[in-house]
Structure formats: structure tokens, C-alpha cells
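Structural characterization, general
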Amino acid sequence: MVAAVTANAQSRDQIQIVGSSTVFPFSTAVAERFGNVTDFQTPIVESTGSGGGIRLFCAGVGVENPDMTNASRRIKPSELETCSENGVTGVIEVKIGYDGIVLANSSEAPVYNLTTGQIWQALAADGPLPTMWNEIDPSLPAVEIEVLGPPPSSGTRDAFEELVMEAGCETISGANCENSAHIREDGVYVDAGENDNLIVSRLEANPQAVGVFGFSFLDQNSDVIQGSLINGVEPTFDAIADADYPVARSMYFYIKDAHIGVVPGIAEYAELFVSEDMIGEDGSLLDLGLIPLPEDELETTQSNVANRTVLTTQDF
């Protein structure tokens, strides 16, 4: 079986990466640098969403399966077990930095100043189901609620449900928070797919709408969109790095250990990704909105890559 896997993998000489739309710009930038500064081919990077990417990654080993997956949330123990059941027994976890989840709208409209509780009231399936923002609070704009956001397969959606919806419900007196993460499906929340650039375009076309995506996309499009304050804190690089902004999460990529040394360049790509030049405190990915790891966490990440440290369910 091992020989068959090796033979299949050797029929491909280009790294294949799937996963998070939020990590996609960072992974693409590293892939392009990798193709320019090494003799390896430029990796193929696809944006499939964190959940979709992990499913593809965990489906098995061999040429028909990706070598790596990006994720804007940590892999779940159940997903790691699925990997193992499908023969993917060596998964290397690589934490690359932090990102904030923002609500943003067109720069042509007023800036929103929202609490997590108000966002929950606006979007919760078990909430009051308002149609206008000012029905939640008279100080909010008298405009229809329209929120463009990621689908259930997205790590951004997972983190939004946990960090905004669940946390917001807990701030509302008398709210039933048993199913607090459930988002209403009556058209107020619009599943905009995995393409965050499309959300930005739609916000430009509709200044009344609000979009949900990672801080990096806000940072890259700050000429046309603006971030909403959440709990009184503006989404900025410094606010996320200092843990003042309440809606932040870690970002990762995962490596299929069985493909290292079989598909050319995997180890070298990973080493470049976690280098000081890429994700260090002055790394080039910071220009794309990446919030860097503290020095001790960066050293751990680099060690995990160098030593091919495999993740186990006991690590959760």
C-alpha cells in the first residue's frame, strides 16, 4: 500500500493546497515567492473554505488528494479522527498568525458601532428577528438589515458563530442561548460564498449592506470599505495584536506528512512560510494584514515544521 501511495504521489510534482479563503491570500503570496526563489514549481492554491478544505485533505493519501490545507480555525478532533480513518495518520499543524473577523460596509455610508449583543439580535434565528437596525436600538441607522457573509463550510463562519453569536447572546438578558449560533435563513443574512472579494464588490454596489470577513480583506480594501466598531473597538492591526478587539482568531495550515519527500517541495514551502521573512514581526505577509505570532509561539511553529511534529487528539 505504501508503495502504491508513493507511486501515485510521485506522478505529481506540484504542491496542491486547498482551504480557507481568509488564509488564501497569504498562502498564495508564499506560493508565488516559492516559485520565484526555488527550483520547485509554484504550488496550486485553491479557496474551498476551511471545512471544505479539511474534508478534501482528510479524504486520503495519494495524487488525488491535496498535500496541505489552509484553515482559519483549528481542525476539530472529529476531523482529525476522520483523517486517521482514511489513512491520513500524520497531520502536522502549523499556526501562522492571527486575524480579526470584521463587519464592514461601504466607505460611502456611516460607520456602524455595534455590540456583539446587537449583532446577535439582528441575525439570530431564535432572536427577535428585526428587519431594521433601529428596531434593535434607536441609535442605529434606520436602514434594512442586510448582512453578506460566509457559508457554513467557512472557518470564518465557524469563528463568527462562536465569537460573535454565542458571545453576543450571553449579553442579552432573558435570551435563550441554547441554539445561539444559529443564523436566521429568511434572507437577512445572505450566504455570499467563499469569495470574499465578491462580498467587497457587493458592498461597494450597496452602501446599506454589511459584510463579514477577515481583517486582511478589510486591510486590503480600505480605500472602498470601512470596519464597524464592535463593543466600541475599531478593527485595527494594533487592536487585534493587543487583544483589545473582541473578535479575533488563530490561522493555520496543515501538512500531510505522508507526502513530504514524495511530492517535491512540501517541506521547503512550509519552511519558507514560517520564516521570519514571511510571518516574523517584519515579515512581508504583515503587509497583507496578517497579525504576527508572539516570538515564543513563532519559535514553536518553526520547530513543529522542522521536526515534522504530528498532531494527536491528546493535543486538544
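Residues numbered from 1 in each chain as written. Predicted model: local features only at pLDDT ≥ 70, side-chain atom pairs only at ≥ 80, totals over all residues. Heavy atoms only, no water.

A word on the overall build of the protein
- A count of helical and extended segments in the protein gives 12 helices and 11 strands.
- Over its C-alpha trace the protein gives a radius of gyration of 20 Å, about what one expects of a compact globule, namely 20 Å for 316 residues.
- Each of the three principal axes of the protein carries a C-alpha extent, and together these read 65 × 40 × 35 Å.
- With 316 residues in all, the protein has 52% of them scored as buried.
- Long-range pairs, those at least 24 residues apart, make up 74% of the contacts in the protein between residues at least 6 apart in sequence. (Helix = DSSP H or I, 4+ residues; strand = E, 2+ residues; numbered from the N terminus. Rg over C-alpha atoms; globule rule 2.2 N^0.38 Å. Buried < 20%, exposed > 50% of the residue type's maximum accessible area, 1.4 Å probe, protein only. Contact = heavy atoms within 4.5 Å.)

Considerations on the layout of surface pockets
- When its volume is computed, the largest pocket comes out at roughly 240 Å³.
- Looking at the largest pocket, the residues that line it are Ser72, Arg73, Arg74, Lys76, Asp158, Ala159, Glu162, Leu163, Ala248, Arg249, Ser250 and Tyr252.
- Class assignment for the residues of the lining of the largest pocket results in 4 nonpolar, 2 polar and 6 charged.
- Residue-level mapping places the lining of the largest pocket at the junction of two domains, with at least three residues from each of domain 1 (16–98 + 250–311) and domain 2 (99–242). (1 Å grid on protein atoms, 1.4 Å probe; cavity = no way out; pocket = protein on both sides within 12 Å on 5 of 7 lines; lining within 4 Å. Points joined across faces, edges and corners; volume = space filled by probe spheres on them. Nonpolar A, V, L, I, M, F, W, Y, C, P; charged D, E, K, R; others polar. Domains from an automatic or database assignment.)

Observations regarding the domain arrangement of the protein
- Taken domain by domain, the protein holds domain 1 (16–98 + 250–311) and domain 2 (99–242).
- Here the C-alpha centroids of domain 1 and domain 2 sit 28 Å apart.
- Taken together, the contact between domain 1 and domain 2 spans 23 residues of the former and 17 residues of the latter.
- Taken over both partners, the interface formed by domain 1 and domain 2 buries close to 1400 Å², and the fraction arising from carbon and sulfur atoms is 54%. (Buried area = accessible area lost by both parts, 1.4 Å probe.)

Here's the deal with the side chain of Ser154
- Tracing the backbone shows Ser154 in the loop between strand E6 (147–149) and helix H6 (155–169).
- Those residues in contact with Ser154, other than ones at most four positions away along the chain, are Ser50 and Glu194.

Looking at the pattern of salt bridges
- One pass over the full model with this rule turns up 9 salt bridges.
- Note that Arg74 and Glu93 form a salt bridge whose closest N and O atoms lie 2.8 Å from each other. Taken together, the residues Arg74 in the loop between strand E3 (68–71) and helix H4 (77–85) and Glu93 in strand E4 (residues 91–106) connect sequence positions 19 residues apart.
- Given the relative accessible area of 28%, Arg74 is considered partly exposed.
- Assessed through its relative accessible area of 14%, Glu93 is described here as buried.
- We note a salt bridge from Arg157 to Glu161, for which the minimum N-O separation is 2.8 Å. Residue Arg157 and its partner Glu161 are both found in helix H6; the two are separated by 4 residues, about one turn of the helix. When sorted by exposure, Arg157 lands in the same class as Glu161, which is buried. (Salt bridge = Lys/Arg side-chain N within 4 Å of Asp/Glu carboxyl O.)

As for the packing of helix H5 (residues 116–123) against H6
- The contact between H5 and H6 brings their axes to 7 Å, and the two run at 100°. Between H5 and H6, the crossing angle belongs to the class labelled roughly perpendicular. Note on element contacts: H6 touches H5 through Phe160, Leu163, Val164, Met165, Ala167, Gly168 and Cys169, opposite Thr116, Gly117, Ile119, Trp120 and Leu123.
- Residues that form the contact of H5 with H6 fall into these classes: 9 nonpolar, 3 polar and no charged. (Axes fitted to C-alpha atoms, helices over the stretch in contact; angles between N-to-C directions. Parallel < 35°, antiparallel > 145°, perpendicular 65-115°, else oblique.)

Some points on the packing of aromatic side chains
- All chains considered together, the criterion is met by 7 aromatic pairs.
- Ring geometry for Tyr252 and Tyr254: centres 6.0 Å apart, planes at 25°, overall stacked. With respect to burial, Tyr252 and Tyr254 carry one shared label: buried.
- Seen from their ring centres, Phe253 and Phe273 are 4.7 Å apart, and the 35° between their planes marks the pair as tilted. A residue pair is termed long-range when its members are at least 10 positions apart, and Phe253 in strand E11 (residues 248–256) and Phe273 in helix H10 (residues 266–273) qualify at 20 residues. When sorted by exposure, Phe253 lands in the same class as Phe273, which is buried.
- One aromatic cluster is present, built from ring pairs that chain together Phe34, Phe40, Phe253, Tyr269 and Phe273.
- Looking at Arg74, its charged tip hangs above the ring of Phe316, at a distance of 4.5 Å from the centre.
- Directly above the aromatic system of Phe57 lies the positively charged group of Lys256, at a separation of 4.8 Å from the ring centroid. (Phe/Tyr/Trp six-rings, centres within 6.5 Å; stacked < 30°, edge-to-face > 60°. Lys NZ or Arg CZ within 6 Å of the ring centre and 35° of its normal.)

Regarding a negative patch on the surface
- A surface patch of negative charge is lined by Glu276, Asp277, Glu281, Asp282, Glu295, Asp296 and Glu299.
- At the level of secondary structure, the elements contributing two or more residues to the negative patch comprise helix H11 (276–279) and helix H12 (295–307).
- Sort the elements by how many residues they give to the negative patch and H12 lands first, with 3 residues. (Patch = residues over 30% accessible without salt bridge, like charges linked within 9 Å, V, L, I, M, F, W, Y side chains within 5 Å. Areas by Shrake-Rupley, 256 points an atom, 1.4 Å probe, with all protein chains shown as cover. Lys, Arg positive; Asp, Glu negative; His and termini not counted. Charge placed at Lys NZ, Arg CZ, Asp CG, Glu CD.)

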